[in-house]
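Okay, here's what each chain looks like letter by letter:
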Amino acid sequence: MAEQVPVAGQTQVGGDPFEEMLVNMGPQHPSTHGVLRLLIRVSGEYVEDCRFHIGYLHRCHEKISESQTYVQNIPLSDRLDYVGAVPNGWAQCLAVEKLAGLEVPARAEYLRVIAAELQRIASHLLFVGTMGTDLGAVTMFLFGMREREMVIDLLEAMSGARLTYHYIRIGGVARDLPDGFAERAVRTLDTVLSRIPDYDDLFTNNRILRERAERVGVIPAQTALEHGFSGPTLRASGVPYDVRRCDPYGIYDRFEFDVPLGSNGDVYDRFTIRLREIEQSSRIVRQALEGIEGVDGPIRTPIKGRFRPAPGWAYAHVEGARGDVGYYIVSQGGDSPYRLKVRSPCFGNLAGLEHLIWGWKIADVVAILGSIDIVLGCVDR
């Protein structure tokens, strides 16, 4: 069991103090989950200080958006959190629709929910796999990727793509469901849920992995709120904040689902919370597939070729796979936004983590960082 040492430099072995040294972890390191550099000062195995260095994967999304049209900007959002792309586009489209006063057709609202929740399941399955690899359980990665490919197949059937979908468009969505999609989706969800007990056997009931995760990297609820955490990381600390519930958008107020919460805010809670969210997203998709059967009509509200929202500003946010994704857009009545600002959940979660890993062992840093589930394209937006 890992123990936190507040002043690691004072720890002694055989009467001799540990020698301090600086260690670079990343930016080319598999456990940083992208091009993130950690500059760590260690004393023995314990971390005395840590600084995050970002900027190796800068998307320039905010600045580029000022020189492109509103329609051209939508595909760029998929390149931020590229393994949880659908909610990014939804947040941006919501902000633009607020500016322009556009109403989204009822059928498109159901399609947006289906795509977003399938994306959440796919993203959490990737997390499950990579978290296992970070802690030495390679089988977990193989299992997670196996189920994720099945969910990605559904998203490909909806959008024609497997990573950056550009499915949600201003005023609606790109295309309707293909024939037989509902039956295929239900079979896939049944398969995914039937295999979650395997994940429990491999991780949540595994003594070795539990010792690597329980009471490690504890983030108290108040600390999580003060540092701006969101998403599963915040809910693992026991804070019941989910945008779908606290500030409903689309038609989420029509669905029944629970918001899973943790109790300790440790690595273990941040892992198990995502397993429970897979189950709840499955509930939502099933309800949406049932509800859309009685809803006909268009899937997109037409917009003008020269789309120019009225001058003003709008902010919209959604619950992404990693937390609260927000878009603030300022219009001066032209073809392009005067200003576009992204509220990145990964940036907020990472920024608040820096000093929380002081005092833990280097091996624990891998587990703590992995449990936050960052994507560097989202951080370097």
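Throughout, residues of each chain are indexed from 1 in the direction in which the sequence is written. Owing to the predicted nature of the model, reporting of local features is limited to residues with pLDDT of at least 70; listing and counting of side-chain atom pairs is limited to 80 or more, with chain, interface and lining totals taken over all residues. Side-chain measures here rest on the full set of heavy atoms in the structure, leaving out hydrogens and waters.

### Considerations on the overall build of the protein
Secondary structure elements are taken from DSSP: a helix is a run of H or I of four residues or more, a strand is a run of E of two residues or more, and numbering for both begins at the N terminus. Helices and strands together make up the secondary structure of the protein, namely 14 helices and ten strands. A compact globule built from 381 residues would reach a C-alpha radius of gyration of about 21 Å, and the protein, at 21 Å, matches this within 12%. Principal axes of the C-alpha set define a box for the protein whose edges measure 75 × 45 × 35 Å. Whether a residue is buried, partly exposed or exposed follows from its accessible area with a 1.4 Å probe, protein chains only, as a fraction of its type maximum: under 20%, in between, or over 50%, in that order. In the protein, buried positions account for 55% of the 381 residues. Contacts were defined at the residue level, with two residues in contact if any of their heavy atoms lie within 4.5 Å. Within the protein, residue pairs in contact and separated by at least 24 positions form 72% of the contacts whose partners lie at least 6 positions apart. With residues, only the protein chains shown are counted as cover, and all accessible areas are computed by Shrake-Rupley using a 1.4 Å probe. Summed over its atoms, the accessible surface of the protein is roughly 15500 Å², and 51% of this surface lies on carbon and sulfur atoms. Here the globule rule is a power law, 2.2 Å times the number of residues to the power 0.38, and the radius of gyration is based on C-alpha atoms.

### Quick word on the layout of surface pockets
Over the atoms rolls a probe the size of a water molecule, and its path tells where empty space is left. In this structure, the largest pocket encloses a volume near 270 Å³. The dominant element in the lining of the largest pocket, judged by the number of residues it contributes, is helix α4 (residues 106-134), at four residues. Polar here means any residue other than Ala, Val, Leu, Ile, Met, Phe, Trp, Tyr, Cys and Pro, which are nonpolar, and Asp, Glu, Lys and Arg, which are charged; Gly is therefore polar. Considering only residue class, the lining of the largest pocket consists of seven nonpolar, five polar and three charged. In this analysis a 1.4 Å probe is tested at points of a 1 Å grid over the protein atoms alone, and where it fits but cannot get out there is a cavity; an open set with protein on both sides within 12 Å along at least five of seven lines is a pocket; lining residues have an atom within 4 Å of a point. Grid points are joined across faces, edges and corners, and a volume is the space filled by probe spheres set on the points.

### Brief notes about the state of the cysteines
For this text, the term disulfide refers to a pair of cysteine sulfurs within 2.5 Å. What the rule picks out here adds up to zero disulfides. Residue Cys378 stays outside any disulfide, its sulfur separated by 3.6 Å from that of Cys346, the closest cysteine.

### Brief notes about the nonpolar core
Only buried residues count toward a nonpolar core. Its members are Ala, Val, Leu, Ile, Met, Phe, Trp, Tyr and Cys residues joined through side-chain atoms within 4.5 Å. Grouped together as the largest cluster of nonpolar side chains are 111 residues, with contacts concentrated most on Leu38, Trp90, Leu118, Phe181, Phe203, Tyr252 and Phe255. Here this core takes 15 residues from α4, the largest share from any one element. Ignoring any residue separated from it by four or fewer positions in sequence, one finds Leu38 in contact with Val23, Asn24, Met25, Thr32, Cys50, Arg51, Phe52, Val365 and Leu369.

### A closer look at the confidence of the model for the protein
Confidence scores per residue from the predictor, reported as pLDDT, run from 0 to 100. With 95% of its residues at a pLDDT of 70 or more, the protein shows a mean pLDDT of 91. Long-range and interchain partners of residues 1-16, a stretch whose pLDDT sits below 50, account for 27 contacts in this model, where long-range means more than four residues apart.

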